[in-house]
Amino acid sequence: MFAESRPFHVAPHRLPAWKAVLPIGGHAELRQAGRPVVTAPGLIVPPQLVHSCAATSPYVALFIDSWLLPSRPGPIRLDAGMVRRLLAALGTTGSDGPGTDADLAAGYTELRALAGAPAPLDPRVAHAIHLCTSRDPDLPIASITSLADEVGLSAPRLRALVRRDVGIALVRLRQWGRLSTAIAGLPESTAALAAATAGFADQAHFTRTARDFIGRTPASLRRAEAQGAP
């Protein structure tokens with residue numbers, strides 16, 4: 001989750017996770033090339049959808065791993081009442097959104113009530129995904145071959161099962177794990193150090209991945225944090 005106390009627009013991107021955009025008093029806008037603009041008090045955007053997004057007011061953005069909600073082909077519009085329920089579940093008390101003590105488990109429970117429960121994963125897929133997307137910077141992100149060996153599958157078979165059950169390539173999920181780890185480290189370190197800790201080749205690789213996945217750069221996230229946005 002992150003929150004900002006101002007309207008904001010993010011560039012076109014393709015996120016390998018669900019995204020819930022919850023404006024506080026305004027509305028959300030989603031744009032796709034060649035399609036009408038989708039506008040609503042709030043939006044839940046499915047994984048891998050190429051789009052740009054904006055909020056016309058302070059907002060909260062939630063990122064939910066792709067296998068934690070059921071697959072859908074397009075965005076889910078949220079009415080004002082649904083947005084209020086989600087923000088209340090997170091513990092929002094002011095116009096700037098929740099702080100770092102937000103109740104993410106309660107927010108996810110409310111999201112599941114709106115979007116539905118996901119299908120269970122093959123245990124081998126679940127274990128491999130857990131290892132390759134770990135947010136623990138002290139746990140090295142294993143190669144796909146070693147992940148396959150650990151769950152008793154060949155690398156091609158593991159890739160096929162992940163695509164079947166999750167719909168996203170395992171290598172992209174591994175990049176998502178690295179990006180999550182790096183972004184979590186930004187408040188306490190430089191972008192270069194966060195990139196190295198998360199396993200990126202260099203800061204430029206971190207920046208390219210952030211722009212591709214979330215439509216923002218590490219520098220823009222650091223500016224937001226410096227301005228008081230959690």
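Residues numbered from 1 in each chain as written. Predicted model: local features only at pLDDT ≥ 70, side-chain atom pairs only at ≥ 80, totals over all residues. Heavy atoms only, no water.

1. Quick look at unusual backbone geometry
Here is step 1: Even without glycine at this site, Gln 48 takes up a positive phi of about 70°.
Here is step 2: As for its position among the elements, Gln 48 is in the loop between β6 (42–45) and β7 (51–55).
Here is step 3: Classification of Gln 48 as partly exposed rests on a relative accessible area of 23%. (Helix = DSSP H or I, 4+ residues; strand = E, 2+ residues; numbered from the N terminus. Buried < 20%, exposed > 50% of the residue type's maximum accessible area, 1.4 Å probe, protein only.)

2. Observations regarding helix α7 (residues 191–198)
Here is step 1: Among all positions in α7, only Ala 191, Ala 194, Ala 195 and Ala 198 are buried. Across the axial projection of α7, the buried residues extend over an arc of 100°, all falling on one side.
Here is step 2: Gly 199 occupies a position one or two residues after α7 and carries a positive phi of about 100°. (Arc of directions from axis to C-beta.)

3. As for the pattern of salt bridges
Here is step 1: For the structure shown, the criterion picks out seven salt bridges.
Here is step 2: With a closest N to O distance of 2.8 Å, Arg 216 and Glu 4 form a salt bridge. Within this pair, whereas Arg 216 is found in the loop between α8 (203–214) and α9 (218–226), its partner Glu 4 is found in strand β1 (residues 2–4), the two being separated by 212 residues in sequence. A single burial state applies to Arg 216 and to Glu 4, both of which are buried.
Here is step 3: A salt bridge links Glu 29 to Arg 31; the shortest N-O distance between them is 3.1 Å.
Here is step 4: Owing to a relative accessible area of 19%, Glu 29 belongs among the buried residues under this scheme.
Here is step 5: Each of Glu 4, Arg 6 and Arg 216 takes part in salt bridges that share partners, so that together they form one network. (Salt bridge = Lys/Arg side-chain N within 4 Å of Asp/Glu carboxyl O.)

4. A short note on the packing of aromatic side chains
Here is step 1: Tallied over the full model, the rule gives five aromatic pairs.
Here is step 2: Consider the rings of Phe 2 and Tyr 59, whose centres lie 6.2 Å apart with planes at 75°: the pair is edge-to-face. One end of the pair, Phe 2, is in strand β1; the other, Tyr 59, is in strand β8 (residues 59–65), and 57 residues separate them in sequence. Taken as a pair, Phe 2 and Tyr 59 share a single burial class, namely buried.
Here is step 3: Between Phe 2 and Phe 63 the ring centres are 5.7 Å apart and the planes differ by 35°, which places this aromatic pair in the tilted class. You can see Phe 2 sitting in strand β1 and its partner Phe 63 sitting in strand β8, a full 61 residues away along the chain.
Here is step 4: You can call Phe 63 partly exposed: its relative accessible area is 25%. (Phe/Tyr/Trp six-rings, centres within 6.5 Å; stacked < 30°, edge-to-face > 60°.)

5. A look at the sheet that holds β8
Here is step 1: What the five strands build is an open sheet, ordered β1-β8-β3-β6-β9; its pairing is antiparallel. Of all strands in the sheet, those with a lone pairing partner are β1 and β9 (76–78), marking the two edges. Taking each pair of neighbouring strands and ignoring which way they run, the sheet shows an average axis angle of 15°.
Here is step 2: Relative to β9, β6 runs antiparallel, the two being bridged by three bridges. Paired with Ile 44 across the bridge in β9 is Ile 76. (Pairing = 2+ DSSP bridges. Axes fitted to C-alpha atoms, helices over the stretch in contact; angles between N-to-C directions.)

6. Remarks on the nonpolar core
Here is step 1: The biggest cluster of nonpolar side chains holds 19 residues, and the ones touching the most others in it are Ile 129, Leu 158, Val 162, Val 166, Leu 170 and Leu 173.
Here is step 2: With sequence-adjacent residues up to four places away left out, Val 166 is seen in contact with Ser 66, Trp 67, Leu 121, Val 125, Ile 129 and Leu 173.
Here is step 3: Ile 64, Leu 69, Leu 78 and Leu 90 belong to the second-largest nonpolar core, a separate cluster that totals 18 residues. (Core = buried A, V, L, I, M, F, W, Y, C linked by side-chain atoms within 4.5 Å. Contact = heavy atoms within 4.5 Å.)

7. Quick word on the sheet that holds strand β5 (residues 38–40)
Here is step 1: Here we have four strands laid out as an open sheet, ordered β2-β7-β4-β5, and antiparallel in their pairing. Edge positions in the sheet fall to β2 (8–13) and β5, since each has one partner strand and no second. Direction aside, neighbouring strands of the sheet carry axes that sit 10° apart on average.
Here is step 2: Inspection of the sheet shows β2 paired to β7 by four bridges, in the antiparallel sense. Residue Val 10 lies in a different strand from β7, and its bridge partner there is Cys 53.

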